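Close look at the chain arrangement
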Amino acid sequence: MEVSLTSWILATLAAFVIGMSKAGIKGIAVINVTFMALAFGAKESTGMVVPLLILADIFAVIYYNRHTQWSYVFKVLPWMVFGLVIGVFIGKDLPESLFRIGMAVIIIITVFMMYWWDRKKIKTVPTHWTFSSSIGTLAGITTMVGNLAGAFSNIYFLAMRLPKNHFIGTAAWLFLIINVLKLPFHFFVWETITWESLVLNVKLLPGIFLGFFVGIRIIKLINEEFFRKMILVLTALGALLIMVG
């Protein structure tokens, strides 16, 4: 696999952003999707990113494990798996151009969701099963099609009013499980993970380490109220970035 200097720079930046995102700087994950899509193509990049996500998820699980709220994981996980399977079939034979358009549409929807939630005056915690099922299914589809489930999971955990560390720790376990489940589909169905791409992943590990370290330092300085606002703003900005890209 021949990789240009520009692609290397974009991929390294993507790895750094993944590390920061998994450390708790939620909402910026869309940026790594954009960088990887620009470097390697929309569909090919979806598989190349997954091993990096899993490694960063492991770091997050180790660091935030004591804060995990398993009841929220179990509520949304089955629906995410359901959506993931749907995403496998939706994205398998999509042409590159349509794949990119699909990713852009997902982001547009995300922006409106974020805006609606931010403007909503009554923000009671949703308890009906249709909320977790709809958000979980959309998150499952988008995590397979473009590694873009973060925006939907952010909405879910914000709606549940989870404190900062509980939010990060619960999301860490949820996405570690989901990303591991995605591996065989990328290997054997889409064939977007190869031995060559895994070698590239290994070379990008320093970016993950550095991003996670920096993210941990930053997240300690952020209070609860600012954390919620930061997630909304960064997710919206990331959405605009991938649409422009």
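Conventions and cut-offs
Residues numbered from 1 in each chain as written. Predicted model: local features only at pLDDT ≥ 70, side-chain atom pairs only at ≥ 80, totals over all residues. Heavy atoms only, no water. UniProt positions renumbered as here; feature names shortened; annotations may be inferred. Patch = residues over 30% accessible without salt bridge, like charges linked within 9 Å, V, L, I, M, F, W, Y side chains within 5 Å. Areas by Shrake-Rupley, 256 points an atom, 1.4 Å probe, with all protein chains shown as cover. Salt bridge = Lys/Arg side-chain N within 4 Å of Asp/Glu carboxyl O. Helix = DSSP H or I, 4+ residues; strand = E, 2+ residues; numbered from the N terminus. Buried < 20%, exposed > 50% of the residue type's maximum accessible area, 1.4 Å probe, protein only. 1 Å grid on protein atoms, 1.4 Å probe; cavity = no way out; pocket = protein on both sides within 12 Å on 5 of 7 lines; lining within 4 Å. Points joined across faces, edges and corners; volume = space filled by probe spheres on them. Nonpolar A, V, L, I, M, F, W, Y, C, P; charged D, E, K, R; others polar. Core = buried A, V, L, I, M, F, W, Y, C linked by side-chain atoms within 4.5 Å. Contact = heavy atoms within 4.5 Å. Expected span 1.5 Å × (residues − 1). Phe/Tyr/Trp six-rings, centres within 6.5 Å; stacked < 30°, edge-to-face > 60°.

Under an unreviewed UniProt entry, the name given to the protein chain is Probable membrane transporter protein, and the organism recorded is Maribacter cobaltidurans. Its UniProt record gives the protein chain the following Subcellular location (unreviewed entry) comment, quoted word for word: "Cell membrane".

1. Examining a nonpolar patch on the surface
Taken together, the side chains of Val-81, Val-85, Phe-89 and Leu-181 define a hydrophobic patch exposed on the protein surface, amounting to about 340 Å² of accessible area. Broken down by element, the nonpolar patch gets its largest block of residues, three residues, from helix α4 (residues 70–91). With respect to the helices, strands and loops of the structure, Val-81 is situated in helix α4. Classification of Val-81 by relative accessible area gives partly exposed; the value is 30%.

2. Looking at the UniProt feature "transmembrane region" (unreviewed entry) in the protein chain
Mapped onto this structure's residue numbering, the UniProt feature "transmembrane region" (unreviewed entry) falls at residues 6–25, 46–64, 70–91, 98–117, 137–159, 171–190 and 202–219. Overall, residues 171–190 shows 95% helix and 0% strand. The separation of its end C-alpha atoms is 26 Å. For residues 202–219, the helix share is 94%, the strand share is 0%, and the end-to-end C-alpha distance is 26 Å.

3. Points about unusual backbone geometry
Positive phi, close to 60 degrees, is recorded for Arg-161, a residue that is not glycine. Along the chain, Arg-161 turns up in the loop between α7 (150–159) and α8 (164–189). Look at Arg-161 and you get partly exposed, because its relative accessible area is 36%. The phi angle at Glu-191 is positive, at roughly 55 degrees, despite the residue not being glycine. The topology assignment puts Glu-191 in the loop between α8 and α9 (195–203). Exposure remark for Glu-191: the relative accessible area of 54% places this residue in the exposed category.

4. Details of the environment of Val-202
Along the chain, the position of Val-202 falls in helix α9. Exposure remark for Val-202: the relative accessible area of 55% places this residue in the exposed category. Each C-alpha atom of the pair Val-202 and Pro-51 lies 9.2 Å from the other, and the pair is 151 residues apart in sequence.

5. Details of empty space enclosed by the protein
In the structure shown here, the tally under the stated rule is one cavity of 30 Å³ or more. For the largest cavity, the calculated volume is near 310 Å³. Taken together, 27 residues form the lining of the largest cavity, with Ser-21, Lys-22, Ala-29, Gly-150 and Phe-175 sitting closest to its centre. A class-by-class count of the residues in the lining of the largest cavity yields 14 nonpolar, ten polar and three charged.

6. Comments concerning the nonpolar core
Met-80, Tyr-156, Phe-157 and Leu-174 are the most contacted members of the largest nonpolar core, which totals 64 residues. Here this core takes eleven residues from helix α3 (residues 42–64), the largest share from any one element. Aside from chain neighbours lying at most four places away, what touches Leu-174 is Val-73, Val-76, Leu-77, Met-80 and Phe-157.

7. A closer look at α4
Residue pairs three or four apart in sequence face the same way in an α-helix, which turns once every 3.6 residues. Helix length check: α4, at 22 residues, gives a terminal C-alpha distance of 30 Å against a target of 32 Å (1.5 Å per residue), a fit within 8%. Inspection of α4 places Tyr-72, Val-73, Val-76, Leu-77, Met-80, Gly-83, Leu-84, Gly-87, Val-88 and Gly-91 among the buried residues, and these make up the whole buried set.

8. Remarks on the packing of aromatic side chains
Scanning the model with the defined rule gives eleven aromatic pairs in all. On the numbers, 5.1 Å between centres and 45 degrees between planes, the contact of Trp-70 with Trp-173 is tilted. Taken as a pair, Trp-70 in helix α4 and Trp-173 in helix α8 lie far apart in primary sequence, 103 residues in all. Note on Trp-70: relative accessible area 33%, which makes it partly exposed. A relative accessible area of 22% places Trp-173 in the partly exposed class. Measuring from centroid to centroid gives 5.2 Å for Tyr-156 and Phe-157, while their planes differ by 65 degrees, and the two rings are edge-to-face. By the burial criterion, Tyr-156 is buried, and Phe-157 matches it.

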